[in-house]
Amino acid sequence: LSHAMFWPSLEAGIVAVFPSPSKGVRNYNLSWSLGEFPRPIVAGGAPPAASPFPAPAPAMPGPPLAGQGAPMPMAGFGAAPGMPQQATLSGPPGIYPVTAVKEVRVGRDPGQCDICLAEPRISAVHAVLRFEGGQLLVRDEGSNNGTFVGGVRIAPHTWTPVPNGSSVKFGPAEFAVRLE
């Protein structure tokens with residue numbers, strides 16, 4: 001293969017020529033679809049009866065692999081039409097978008113948190129937000145004053161969905177949630 005030459009061909013896609021001292025020049029059509037293999041063509045003649053390439057292995061039954069089956073929506077990366085692309089938290093401390101790109105830490109420590117709330121009743125890292133599959137999720141990180149969804153305190157260290165139009169409260173700081 002070290003001496004192969006490749007060039008595009010309008011009729012055959014990509015063609016490779018492999019010079020062989022014992023068998024002459026062989027051309028291989030390299031434009032094949034999944035499950036097919038290139039077809040050798042002997043210069044000046046018909047293709048040989050037997051292919052030098054092994055037959056494709058049969059497909060194994062089982063669950064679909066990544067990229068097969070139902071699409072996995074991701075905001076900004078071809079998410080399903082009509083599905084929310086992000087969540088927006090709005091409140092007196094500010095307006096904060098949350099997308100599927102990364103988890104967002106909420107707390108008092110500016111060195112560790114993406115949403116920094118300067119309030120002594122909020123823990124250094126109070127909670128984490130994640131946007132996944134068109135849904136906002138929140139996890140309390142074991143804060144002293146709790147995280148609330150729709151006025152109900154959530155269990156610490158457990159991902160909890162935040163419905164569209166609901167509120168999320170980190171200690172005393174409350175935000176309205178809108179899925180867009």
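Our subject is the structure listed above.
Residues numbered from 1 in each chain as written. Predicted model: local features only at pLDDT ≥ 70, side-chain atom pairs only at ≥ 80, totals over all residues. Heavy atoms only, no water.

Caption draft 1: Looking closely at the pairing of strand 5 (residues 87-91). Across five bridges, the pairing between strand 5 and strand 6 (residues 94-98) is antiparallel. Pairing of A87 across the sheet is with V98, part of strand 6. Hairpin remark: strand 5 followed by strand 6, antiparallel, with two residues in the connecting loop. (Pairing = 2+ DSSP bridges. Helix = DSSP H or I, 4+ residues; strand = E, 2+ residues; numbered from the N terminus.)

Caption draft 2: Fine view of the state of the cysteines. Overall, the coordinates contain zero disulfides when judged by the stated rule. Free cysteine: C116, not disulfide-bonded; nearest cysteine sulfur from C113 at 6.3 Å. Take C116: its relative accessible area is 34%, and that puts it in the partly exposed class. (Disulfide = S-S within 2.5 Å. Buried < 20%, exposed > 50% of the residue type's maximum accessible area, 1.4 Å probe, protein only.)

Caption draft 3: Looking closely at the sheet that holds strand 8 (residues 115-116). Ordered by their spatial adjacency, five strands build an open sheet running 8-7-9-10-13, and the pairing between neighbours is mixed. Across the chains shown, the open sheet's two edge strands, defined by having one partner strand only, are strand 8 and strand 13 (160-162). Taken together, the two bridges between strand 7 (residues 104-107) and strand 8 define a ladder with parallel strand orientation. Bridging across to strand 8, G107 finds its partner in C116.

Caption draft 4: Geometry of the packing of aromatic side chains. The full count for this structure, using the stated rule, is two aromatic pairs. An aromatic cluster is defined as three or more aromatic residues linked by ring pairs; in this entry it consists of Y96, F170 and F175. Positioned above the aromatic ring of W159, the side-chain terminus of R130 is 4.1 Å from the ring centre. Directly above the ring of F148 sits K169, whose terminal nitrogen or CZ lies 5.5 Å from the centroid. (Phe/Tyr/Trp six-rings, centres within 6.5 Å; stacked < 30°, edge-to-face > 60°. Lys NZ or Arg CZ within 6 Å of the ring centre and 35° of its normal.)

Caption draft 5: View of the nonpolar core. Grouped together as the largest cluster of nonpolar side chains are 23 residues, with contacts concentrated most on L89, L117, L129, L136, V138 and F170. Every element with two or more residues in this core is listed here: strand 5, strand 6, strand 7, strand 9 (127-132), strand 10 (135-140), strand 14 (167-170) and strand 15 (173-179). For V138, the residues in contact, after removing those within four places along its chain, are A127, V128, L129, T147, V149, I154, T158, W159, T160, V162, V168 and F170. (Core = buried A, V, L, I, M, F, W, Y, C linked by side-chain atoms within 4.5 Å. Contact = heavy atoms within 4.5 Å.)

Caption draft 6: Representation of the environment of P120 in the model. The residue P120 is located in the loop between strand 8 and strand 9 in this model. Take P120: its relative accessible area is 70%, and that puts it in the exposed class. Placed 13 residues apart in sequence, P120 and G107 show a C-alpha to C-alpha distance of 9.9 Å.

Caption draft 7: Up close: the pattern of salt bridges. Counted by the stated rule, this structure contains six salt bridges. Taking the shortest distance from any N to any O, the salt bridge between E119 and R121 comes out at 2.8 Å. A relative accessible area of 48% places R121 in the partly exposed class. A salt bridge links R139 to E141; the nearest nitrogen and oxygen atoms lie 2.6 Å apart. Several salt bridges converge on common partners, so that one network encompasses E103, R130 and E132. (Salt bridge = Lys/Arg side-chain N within 4 Å of Asp/Glu carboxyl O.)

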